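Letter by letter, the chains look like this.
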Amino acid sequence: MAGNLIDYRVERGVAIFELNDPPANTYTYEMNKELDTCILNARMDDAVHVIVMRGAGDKFFSAGANIKMLSEVTPGFKYMFCLHANETLLRFEHTPKLVIAALNGHTVGGGLEIAMAADIRIAKKGAGKVGLPEVSLGVLPGTGGPQRLSRIVGKSKAIEKMIEGGLFDFEEARELGIVNYVWPEEENGRKWWDRVLEYAWSFCPPNKAAKAVGRIKRSVQSGSEVTFEQALAIERELQQQLFQSEDAKEGLSASVEKRKPSFSGK
């Protein structure tokens, strides 16, 4: 299935979203509606265990919101646009399936805000820069950037990066914890994109208990936003769901029988 602005396909349990609006894969309300639909399709598809999102081409993951579009619409539209973008990215965080952002090029402004809503971020070495430069436009990052960046790097460092508005490379982003891995375009005969897919497939059945992966994600995403006692209650409920799964039975049996488990994702 392919939309006008986001290409969607499923390969061996991995749903791949490709932001496709050249030259910089900037997003509009139309693209966000497609992204919303793609998230829901992947969420509701029992054959999908992991989501991987990337930009089309080799230069940009995404340069963020389409500035021309923002300059032409009313302040009221901009507000609703930001509200919908916030809701869409929350869908990523609320979906109990692992989300990987594959940063194949520049990831700036709203592009970085989208990437920070993913669970894991894997960048291609030397392919681009990241940053939230919205201050140079007289505005703030309006798609969750201040909230997610401060939760990743801490308040002071987040303020520093946003008020200075500079761009920095993927290696610095990794040191700050914004990026999990920086892999070269090719290493030992393995291309970057192939490695990203191999990584994603490693969390699919029969390799991993995909339900457990998803519930671990949900435990962290929801638990980090409430009190400790409430977080423990969420954790217990998710654990109870897993105890009733076929994968838990398989994992426990394999451990007792001293063999490698073969998970079904059920």
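Structure shown above.
Attention here is on the structure that accompanies the text.

Parameters at a glance
- Residues numbered from 1 in each chain as written.
- Predicted model: local features only at pLDDT ≥ 70, side-chain atom pairs only at ≥ 80, totals over all residues.
- Heavy atoms only, no water.
- Helix = DSSP H or I, 4+ residues; strand = E, 2+ residues; numbered from the N terminus.
- Rg over C-alpha atoms; globule rule 2.2 N^0.38 Å.
- Areas by Shrake-Rupley, 256 points an atom, 1.4 Å probe, with all protein chains shown as cover.
- Lys, Arg positive; Asp, Glu negative; His and termini not counted.
- Charge placed at Lys NZ, Arg CZ, Asp CG, Glu CD.
- Pairing = 2+ DSSP bridges.
- Core = buried A, V, L, I, M, F, W, Y, C linked by side-chain atoms within 4.5 Å.
- Buried < 20%, exposed > 50% of the residue type's maximum accessible area, 1.4 Å probe, protein only.
- Contact = heavy atoms within 4.5 Å.
- Axes fitted to C-alpha atoms, helices over the stretch in contact; angles between N-to-C directions.

1. Brief notes about the overall build of the chain
Within the chain, the regular secondary structure consists of eleven helices and twelve strands. Since a compact globule built from 266 residues should have a radius of gyration of about 18 Å, the 19 Å found for the chain is in line with a globular shape. In terms of overall dimensions, the chain has a C-alpha envelope of 60 × 50 × 35 Å along the principal axes. Within the structure as shown, the chain displays about 13500 Å² of accessible surface, and the carbon and sulfur contribution to it stands at 54%. Of the side chains in the chain, 34 bear a positive and 35 a negative charge, and the two mean positions are spaced by 3 Å.

2. Topic: the sheet that holds strand β8 (residues 129-131)
Taken in spatial order, the four strands of this open sheet run β4-β6-β8-β9, and their pairing is mixed. In this open sheet, the two strands that pair with only one neighbour each are β4 (60-62) and β9 (168-169). Sheet analysis places β8 next to β9, joined by two bridges and oriented antiparallel. By the bridge assignment, Val-130 is partnered in β9 with Phe-168.

3. Re the nonpolar core
One finds Phe-17, Met-53, Phe-61, Phe-92, Leu-103 and Leu-149 to be the most contacted residues of the largest nonpolar core, which totals 44 residues. Setting aside its immediate chain neighbours within four residues, Phe-17 contacts Ile-6, Asp-7, Tyr-8, Leu-35, Cys-38, Ile-39, Ala-42, Ile-51, Val-52, Met-53, Arg-54 and Phe-92.

4. Points about unusual backbone geometry
Between Pro-22 and Pro-23 the backbone carries a cis peptide bond, its omega angle lying at 5 degrees. Of note, Pro-23 is situated in the loop between β2 (14-19) and α1 (29-44). Residue Pro-206 is reached from Pro-205 by a cis peptide bond, and omega for that bond is 5 degrees. As for its placement among the helices and strands, Pro-206 is situated in the loop between α8 (192-201) and α9 (210-223).

5. Details of the sheet that holds strand β10 (residues 181-183)
In any sheet, the strands associate via hydrogen bonds between backbone groups, in a parallel or an antiparallel arrangement. Ordered in space as β1-β2-β3-β5-β7-β10, the six strands form an open sheet in which the pairing is mixed. Since the sheet does not close on itself, it has two edges, and those belong to β1 (6-11) and β10, each with one partner. Direction aside, neighbouring strands of the sheet carry axes that sit 20 degrees apart on average. Here strand β5 (residues 98-103) runs beside strand β7 (residues 120-124); their pairing, made up of four bridges, is parallel. Each residue of the ladder has a partner; that of Ala-102, found in β7, is Ile-122.

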